[in-house]
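What the coordinates show
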Amino acid sequence: MTVLAWLQSRTPAPPAELMARVVEALGERATADASRASSACLDAAAALLSRLLEPEAIGRDRAIELLAADALVTYAFESAAVDVEGVDERAEVAMLRLADLAAPRGQRTG
């Protein structure tokens, strides 16, 4: 099963426009094995958020992208929750990675 197939199996299904934006943000990651869904979704969310933080990207017309980033983070945690033992570590890594996006571009660690 691929990441895309895993996403399509989630219920309830998101609105079609949101799912299309999630899949677009995933890009090639959508074809990875579903066992990589957590990291694929987090990587896609971070990339999308990074673009949304650019000054020229601010505007209501970008709301669907912010919703897609939120959905991707939610899916990342849903997938990570399967591994109860490692979920705390994955949550910490995700939190630090997403928080790092708030730093000025030249000062980001990731």
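Quick note: structure is the one above.
Notes on the structure in this doc start here. Bear in mind the structure is a predicted one, so any value in this text is a computation, not a measurement.

Bringing the pattern of salt bridges into the picture now. Evaluation of the coordinates by the stated rule reveals five salt bridges. Residue Glu24 pairs with Arg21 through a salt bridge whose shortest N-O separation is 3.5 Å. Taken together, the residues Glu24 and Arg21, both in helix H2 (residues 16-26) and three residues apart, mark about one turn of the helix. Take Arg21: its relative accessible area is 11%, and that puts it in the buried class. The salt bridge partner of Arg62 is Glu65, with a shortest N-O separation of 2.6 Å. Bridged by salt links that share partners, the residues Arg21, Glu24, Arg62 and Glu65 form one connected network.

As a further point, take the packing of aromatic side chains. Per the counting criterion, the structure on display carries one aromatic pair. Look at Trp6 and Tyr75: their rings are 6.1 Å apart centre to centre, the planes differ by 80°, and that puts the pair in the edge-to-face class. A residue pair is termed long-range when its members are at least 10 positions apart, and Trp6 in helix H1 (residues 3-8) and Tyr75 in helix H4 (residues 63-80) qualify at 69 residues. Judged by its relative accessible area of 11%, Trp6 is buried. Residue classification places Tyr75 among the buried residues on the basis of a relative accessible area of 10%.

This paragraph deals with H2. Those residues of H2 lying buried are Leu18, Met19, Arg21, Val22, Ala25 and Leu26. Burial along H2 is one-sided: seen end-on, the buried residues are contained in an arc of 160°. Every exposed residue of H2 that faces more than 90 degrees away from the buried side is listed here: Ala16, Glu17 and Glu24. Next to the buried residues of H2 lie H1, helix H3 (37-52) and H4. Phi turns positive one or two residues past the end of H2, at Gly27, with a value near 55°.

With that settled, the discussion passes to the packing of H4 against helix H5 (residues 87-100). Between H4 and H5, the shortest axis-to-axis distance is 10 Å and the interhelical angle comes to 160°. Looking at the two axes, H4 sits roughly antiparallel to H5. Once H4 is placed against H5, the crossing between them reads as right-handed. Every residue of H5 that contacts H4 at Val73, Phe77 and Ala80 is listed here: Val87, Arg90, Ala91, Ala94 and Leu98. Along the lines of polarity and charge, the residues of the contact of H4 with H5 split into seven nonpolar, no polar and one charged.

About the criteria used
- Residues numbered from 1 in each chain as written.
- Predicted model: local features only at pLDDT ≥ 70, side-chain atom pairs only at ≥ 80, totals over all residues.
- Heavy atoms only, no water.
- Salt bridge = Lys/Arg side-chain N within 4 Å of Asp/Glu carboxyl O.
- Helix = DSSP H or I, 4+ residues; strand = E, 2+ residues; numbered from the N terminus.
- Buried < 20%, exposed > 50% of the residue type's maximum accessible area, 1.4 Å probe, protein only.
- Phe/Tyr/Trp six-rings, centres within 6.5 Å; stacked < 30°, edge-to-face > 60°.
- Arc of directions from axis to C-beta.
- Contact = heavy atoms within 4.5 Å.
- Axes fitted to C-alpha atoms, helices over the stretch in contact; angles between N-to-C directions.
- Parallel < 35°, antiparallel > 145°, perpendicular 65-115°, else oblique.
- Left-handed = near helix turned anticlockwise from the far one by under 90°.
- Nonpolar A, V, L, I, M, F, W, Y, C, P; charged D, E, K, R; others polar.

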